[in-house]
Amino acid sequence: MERRKFIKACCYTTIGLPLLGGVFQSCGAIYYASSTQEGDRLIVAKSEFWKIEDTKKINRPFVLIKREGIDFPICIYKIEEEKYIASLLKCTHRACELNVGGGIYSCPCHGSEFSITGKVLEGPADEDLKTFKIEIDNENLHLFLS
Ligand code: FES
């Protein structure tokens, strides 16, 4: 079995099934972070990228944001200590909602795949995902929707 297919088989977590997140803990469970909106800016606390479990700090590699008025979730990956990337989980082929898992975004409709930076890895999609500018302060990420 190819490595990519094996990872998919092991780690796929669908956004529509957040209650199964705990089952996929080692792959980065689906977690919907809290956010506030000020104009075209979403504010997400950096503390959303970790949790305390049995006195241990557990890092979340990514969080999802769902907001009224935005048709698709936004996934924010923490790439490095102060570096984050946010992508709209809308497939650029025919607008299906993407799955997150195995370090890629994958489309359940026709199989397109995207890197966590939003770049097309595999078609039929031929356009990268919409990404968002992010500014960071001591406590929060500021994600600009426009
Ligand atoms: S809608 Fe995603 S590959 Fe077609």
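Look up a bit, the structure's there.
Keep in mind that what you see is a predicted model, and the values were worked out from it rather than measured.

Trainee: Honestly, the nonpolar core in this entry has me stumped. Any pointers?
Mentor: I74, I76 and L143 are the most contacted members of the largest nonpolar core, which totals 18 residues. For this core, the secondary structure elements donating two or more residues are strand 2 (41–45), strand 5 (62–65), strand 6 (74–80), strand 7 (83–88), strand 12 (131–136) and strand 13 (140–144). In terms of residue count, strand 7 provides more of this core than any other element does, 3 residues in total. Ignoring anything within four residues of it in the chain, the contact list for I74 reads L42, V63, L64, I65, A86, S87, L88, F132, L143 and L145. Grouped together as the second largest cluster of nonpolar side chains are 16 residues, L89, L98, F114 and A125 included.

Trainee: Just to check I follow, could you spell out the pattern of salt bridges for this structure?
Mentor: Pairing between side chains of opposite charge can happen when their charged atoms approach one another. The final tally for this structure, using the stated rule, is 6 salt bridges. Between E38 and R41 there is a salt bridge whose closest N-O contact spans 2.7 Å. Classification of E38 by relative accessible area gives partly exposed; the value is 44%. One salt bridge in this structure joins K46 and E82, with 3.1 Å as the shortest N-O distance. Taken together, the positions of K46 in the loop between strand 2 and strand 3 (50–53) and E82 in the loop between strand 6 and strand 7 put the pair 36 residues apart, joining distant regions of the chain. Since its relative accessible area comes to 14%, K46 is described here as buried.

Each value, and the rule that gives it
- Residues numbered from 1 in each chain as written.
- Predicted model: local features only at pLDDT ≥ 70, side-chain atom pairs only at ≥ 80, totals over all residues.
- Heavy atoms only, no water.
- Core = buried A, V, L, I, M, F, W, Y, C linked by side-chain atoms within 4.5 Å.
- Buried < 20%, exposed > 50% of the residue type's maximum accessible area, 1.4 Å probe, protein only.
- Helix = DSSP H or I, 4+ residues; strand = E, 2+ residues; numbered from the N terminus.
- Contact = heavy atoms within 4.5 Å.
- Salt bridge = Lys/Arg side-chain N within 4 Å of Asp/Glu carboxyl O.

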